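Here is how the chains run, residue by residue.
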Amino acid sequence: QVQLVESGGGLVQPGGSLRLSCAASGTISSINRMGWYRQAPGKKRELVAVIDSGRSSYSADSVKGRFTISRDNAKNTVYLQMNSLKPEDTAVYYCNVVVITTSTYNYWGQGTQVTVSS
């Protein structure tokens with residue numbers, strides 16, 4: 001089984017920075033994609049950024065230029081560096097890991113709260 005543990009959330013002022021991390025543990029042959037989603041109150045979960053095994057990444061337009069996703073394969077860890085944070089970034093952030101074999105398997109972290117407020 002795969003377990004994801006997130007950390008790094010908290011309360012910051014607008015313009016501040018946070019770095020989220022998500023460490024995967026368990027029986028993992030290969031992680032194809034790792035990413036971050038977020039869900040604000042009253043809104044559906046949305047993709048923030050994703051990075052594949054070749055370290056090609058994609059970021060949502062709303063965070064492009066401010067957030068950077070990266071991964072450390074040796075540690076099975078994905079990071080989300082968040083700079084120039086805005087109140088609109090306030091949400092619960094969820095780590096997502098995708099493993100593709102004969103099918104596609106999705107694993108989710110427990111979520112970490114990010115609050116941007118002055």
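Each remark here, short or long, concerns the structure printed above.
Residues numbered from 1 in each chain as written. Predicted model: local features only at pLDDT ≥ 70, side-chain atom pairs only at ≥ 80, totals over all residues. Heavy atoms only, no water.

## Details of the packing of aromatic side chains
We describe a pair of aromatic rings using the distance from one ring centre to the other and the angle between the two ring planes. The line we're drawing: Side-chain rings of Phe, Tyr and Trp (the six-membered ring for Trp) are treated as a pair once their centres are within 6.5 Å; stacked means planes under 30 degrees apart, edge-to-face means over 60, and tilted covers the remaining angles. Numbering of helices and strands starts at the N terminus; helices are DSSP runs of H or I of at least 4 residues and strands are runs of E of at least 2. Charge-over-ring contacts are defined here by two conditions on Lys NZ or Arg CZ: a distance within 6 Å of the ring centre and an angle within 35 degrees of the ring normal.
Counted under the stated rule, the structure contains one aromatic pair. Both rings, one in Tyr 37 and one in Trp 108, keep their centres 5.1 Å apart while their planes meet at 65 degrees; by these two values the pair is edge-to-face. Residue Tyr 37 is located in strand E4 (residues 33-39), and its partner Trp 108 is located in strand E10 (residues 104-108); the two are separated by 71 residues in the primary sequence. Here the guanidinium or amino end of Arg 45 rests over the ring plane of Trp 108, the centre of that ring lying 4.7 Å away.

## Some details on the pattern of salt bridges
Defined as follows: When a carboxyl oxygen of Asp or Glu is within 4 Å of a side-chain nitrogen of Lys or Arg, the pair counts as a salt bridge. Exposure classes here rest on a 1.4 Å probe applied to the protein chains alone. A residue is buried below 20% of its type maximum, exposed above 50%, and partly exposed in between.
Scanning the model with the defined rule gives three salt bridges in all. In this structure, Arg 38 and Glu 46 form a salt bridge, with 2.9 Å as the shortest nitrogen-oxygen distance. Taking relative accessible area as the criterion, Arg 38 reaches 6% and is therefore assigned buried. Residue classification places Glu 46 among the partly exposed residues on the basis of a relative accessible area of 37%. In this structure, the salt-bridge partner of Asp 89 is Arg 66, at a minimum N-O distance of 2.8 Å. Of the two residues, Asp 89 is situated in the loop between strand E8 (77-82) and strand E9 (91-100) and Arg 66 in the loop between strand E6 (57-59) and strand E7 (67-72); the sequence distance between them amounts to 23 residues. Here Asp 89 and Arg 66 have matching classes, each one buried.

## Concerning the nonpolar core
So the rule is basically this: Here the nonpolar core consists of buried residues drawn from Ala, Val, Leu, Ile, Met, Phe, Trp, Tyr and Cys, with membership extended through side-chain atoms lying within 4.5 Å. Contacts are residue-level and defined by heavy atoms, with any inter-residue pair within 4.5 Å sufficient.
One finds Trp 36, Val 48, Phe 67, Val 78, Leu 80, Met 82 and Tyr 93 to be the most contacted residues of the largest nonpolar core, which totals 29 residues. When residues of this core are traced back to their parent elements, those giving at least two are strand E1 (2-7), strand E3 (18-26), E4, strand E5 (46-52), E7, E8, E9 and strand E11 (112-116). If one sorts the elements of this core by residue count, E9 sits on top with five residues. Sequence-distant contacts of Phe 67, defined by excluding residues within four places in its chain, comprise Arg 38, Val 48, Ser 59, Leu 80, Gln 81, Met 82, Asn 83, Leu 85, Asp 89 and Tyr 93.

## A short note on the state of the cysteines
The term disulfide refers to a covalent linkage connecting the sulfur atoms of a pair of cysteines. For the record, the criterion: Criterion for a disulfide: a pair of cysteine sulfur atoms within 2.5 Å.
A complete count under the given rule lists one disulfide for this structure. Disulfide pairing is shown between Cys 22 and Cys 95; the S-S distance is 2.1 Å. Handedness here is read from the sign of the S-S torsion; for Cys 22 and Cys 95, about -85 degrees, the answer is left-handed. Taken together, the positions of Cys 22 in strand E3 and Cys 95 in strand E9 put the pair 73 residues apart, joining distant regions of the chain. Look at Cys 95 and you get buried, because its relative accessible area is 0%.

Note that all results are geometric; they support no functional claim without further evidence.
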